[in-house]
Structures are given as structure tokens and as C-alpha cells.
Amino acid sequence: MKVSKALGILLLTVLLVSLPCQAATGNQGYAVYRDGVLGGLNWHTGIMVEPNSSNYGSAISHAPGTGSKTGYTSYNGFVNGNKYKGLFRPFKTMSTHERDLVVSTARYIAQKGIPYISTKMMIGNQNNGRDRFYPNDILNLRCDGVVEYCYEYNGIKVCGNDSCWDISKNSKAEIDMHSGLYRAFDPKEQAQQYMYQIGQFNEKP
């Protein structure tokens with residue numbers, strides 16, 4: 001009897017541990033964009049970590065800009081007097097589990113307070129002894145780097161070819177692809193060419 005009871009407790013524990021702690025709802029895990037960068041020539045972006053921006057103050061994880069660090073912001077703080085451009089996702093349709101992973105990554109990035117950089121999407125610690133950049137390996141991020149990393153670290157491609165696209169890979173090819181002046185000012189390009197729009201500019205997320 002004691003063995004059966006112990007076995008039952010063990011099976012229940014395994015079941016509870018295996019259940020997801022949450023399921024993404026609303027706009028969680030999707031990217032938001034607004035204009036107003038470089039005199040209106042470019043856009044700014046971030047990741048929704050809450051279901052909506054109306055009932056939650058710190059709904060968006062982002063890298064605000066020069067002299068700042070990654071963190072949370074409200075919808076009004078994100079738009080900052082500029083024009084909201086809409087809600088986007090990668091071309092791949094994401095499961096709720098994948099969106100959960102994106103949200104978890106975006107939360108970690110916001111809470112870590114990673115310094116901003118303008119000339120690259122991301123700088124990671126190349127001497128980490130691994131072939132990937134884990135979130136705690138990130139040294140600097142730009143706003144579109146936040147979006148790209150949150151998706152691609154979790155296996156969801158944003159841009160690139162089949163063999164070279166993952167910004168979280170610690171390899172010269174991937175690092176070069178996400179660096180340099182030709183990738184220096186492209187949040188707008190990221191949205192318009194590599195993302196699928198699911199919410200319009202006049203629909204507050």
C-alpha cells in the first residue's frame with residue numbers, strides 16, 4: 001500500500017511538472033512597431049510580454065535607444081508621440097508554447113538591462129565556450145536585435161537563408177549577417193520584408 005501511494009505521488013508530481021505553467025494569450029509573443037526614428041526614416045520595435053497594452057502597464061520589452069538599457073515600457077511610452085505601425089509575427093505561425101518561450105526570453109532581456117548599441121543588432125560574448133549565445137551572453141542589443149533574438153533563440157526564423165539565419169549562433173557567418181552598416185538601420189525592413197502583419201496601425205495592441 002505504501003509503495004502504491006508513493007508511486008501515485010510520484011506520477012502526480014511528474015504530471016504537474018510536465019504541465020505548462022502558462023499559455024500565451026492575446027498579443028503575447030508578437031512584435032510591435034512604430035515610426036519616428038531618424039526623423040521618420042525608420043521604425044522602433046519591441047515584443048509584447050502581456051496579452052494587451054490596455055490592462056498592463058509594462059506590456060512591451062524593448063531596447064529604447066542610445067544611452068539606454070533594455071527594459072519594459074507601456075504602449076504610450078513605446079509610441080512616445082510617434083505613429084504606431086502595427087502588430088507583427090514571423091512568417092511561421094507560432095504555437096502557444098513557442099509564444100510562451102518568446103515571452104520568457106523577452107522578459108529576461110528586459111530584466112537584465114542590456115546596454116543599447118546602434119551599429120549591430122547584437123553583440124554576444126564570443127568567448128563563452130559554446131556555439132550559441134545564451135541570453136546571459138548578450139552584451140549589447142538594438143531594438144530589432146531584441147525581436148530577432150527572442151524569436152531565433154527559440155528556433156523561429158525571422159530572416160536569412162536555410163543555413164544562415166540564427167542570431168543566437170556563435171559563428172562568424174551568423175555574426176556577420178547581423179552586423180555591419182548594411183544591417184545598421186533596419187527595424188522597418190525587418191517588419192516590412194520578414195514579418196507578417198496581424199494587427200493594423202489603428203488597432204492598439
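Everything numeric here is computed off the predicted structure, so don't read it as measured data.

Q: Before we go on, may I ask you to explain the overall build of the protein chain in this structure?
A: Looking only at helices and strands, one finds six helices and eight strands in the protein chain. In the protein chain, the order of α-helices and β-strands from amino to carboxyl end is α-β-β-β-β-α-β-α-β-β-α-α-α-β. Residues counted as buried form 47% of the 205 residues belonging to the protein chain. Looking at the protein chain alone, contacts between residues at least 24 apart form 64% of all its contacts between residues at least 6 apart. In the structure as shown, the protein chain presents an accessible area of about 10400 Å², 55% of it carried by carbon and sulfur atoms.

Q: I keep staring at the confidence of the model for the protein chain and nothing clicks. Help me out?
A: Detailed reading of predicted coordinates is not advised where the pLDDT is low. Looking at the protein chain, the pLDDT average stands at 87 and 86% of residues meet or exceed 70. Low pLDDT, under 50, characterises residues 1-20; the stretch is placed with zero contacts to residues that sit more than four places away or in other chains.

Q: Can you walk me through the environment of G77 in this structure?
A: Structurally, G77 can be placed in helix 2 (residues 75-79). Expressed as a C-alpha distance, the spacing of G77 and S58, which sit 19 residues apart in the sequence, is 9.3 Å.

Q: Just checking my understanding: could you explain the state of the cysteines for this structure?
A: Covalent bonding between the sulfur atoms of two cysteines is what defines a disulfide. Overall, the coordinates contain zero disulfides when judged by the stated rule. C159 takes part in no disulfide bond, and the closest cysteine sulfur to it belongs to C164, at a distance of 9.5 Å. On the accessibility criterion, C164 (14% relative accessible area) is buried.

Q: I would appreciate a short explanation of helix 3 (residues 96-112) in the present structure.
A: Turn by turn, an α-helix covers 3.6 residues, leaving residues three or four places apart pointing in a common direction. Look at helix 3: 24 Å from first C-alpha to last across 17 residues, which is about the 24 Å you get at 1.5 Å a residue. Looking only at helix 3, the buried set comprises E98, R99, D100, V102, V103, T105, A106, I109 and A110. Contact partners of the buried residues in helix 3: strand 2 (42-48), strand 3 (60-62), strand 4 (71-73), strand 7 (138-141) and helix 4 (143-152).

Q: Would you explain the environment of Q193 in this entry?
A: Relative to the helices and strands, Q193 resides in helix 6 (residues 187-194). Note on Q193: relative accessible area 48%, which makes it partly exposed.

Q: Where do I start with the pattern of salt bridges in this structure?
A: Opposite charge on two side chains allows them to pair when their charged atoms are near. A complete count under the given rule lists seven salt bridges for this structure. One salt-bridge network, in which partners are shared between bridges, spans R142, D144 and D186.

Q: Help me understand the packing of aromatic side chains, please; the structure alone is not making it clear to me.
A: Geometry of an aromatic ring pair is reported as the spacing of the ring centres plus the angle between the planes. Tallying each qualifying case throughout the model produces four aromatic pairs. Ring geometry for Y149 versus Y153: centroids 5.1 Å apart, planes at 15 degrees, classification stacked. The rings of Y33, W43 and F88 are connected pair by pair, giving a single aromatic cluster. Here the basic side chain of R130 rests over the ring of Y134, its NZ or CZ set 4.2 Å away from the ring centre.

Q: Before we go on, may I ask you to explain the nonpolar core in this structure?
A: A general feature of soluble globular proteins is that nonpolar side chains tend to end up buried together. Y33, I47, I109, Y151 and M195 are the most contacted members of the largest nonpolar core, which has 41 residues in total. Elements with a contribution of two residues or more to this core: strand 1 (31-37), strand 2, helix 2, strand 5 (84-90), helix 3, strand 7 and helix 4.

Q: So what exactly am I meant to see when it comes to a nonpolar patch on the surface here?
A: On the surface, a nonpolar cluster with roughly 300 Å² of combined accessible area is contributed by F91, Y196 and I198. Position of I198 among the secondary structure elements: in strand 8 (residues 195-199). Look at I198 and you get partly exposed, because its relative accessible area is 34%.

Reading the values: the criteria
Residues numbered from 1 in each chain as written. Predicted model: local features only at pLDDT ≥ 70, side-chain atom pairs only at ≥ 80, totals over all residues. Heavy atoms only, no water. Helix = DSSP H or I, 4+ residues; strand = E, 2+ residues; numbered from the N terminus. Buried < 20%, exposed > 50% of the residue type's maximum accessible area, 1.4 Å probe, protein only. Contact = heavy atoms within 4.5 Å. Areas by Shrake-Rupley, 256 points an atom, 1.4 Å probe, with all protein chains shown as cover. pLDDT = per-residue confidence, 0-100. Disulfide = S-S within 2.5 Å. Expected span 1.5 Å × (residues − 1). Salt bridge = Lys/Arg side-chain N within 4 Å of Asp/Glu carboxyl O. Phe/Tyr/Trp six-rings, centres within 6.5 Å; stacked < 30°, edge-to-face > 60°. Lys NZ or Arg CZ within 6 Å of the ring centre and 35° of its normal. Core = buried A, V, L, I, M, F, W, Y, C linked by side-chain atoms within 4.5 Å. Patch = residues over 30% accessible without salt bridge, like charges linked within 9 Å, V, L, I, M, F, W, Y side chains within 5 Å.

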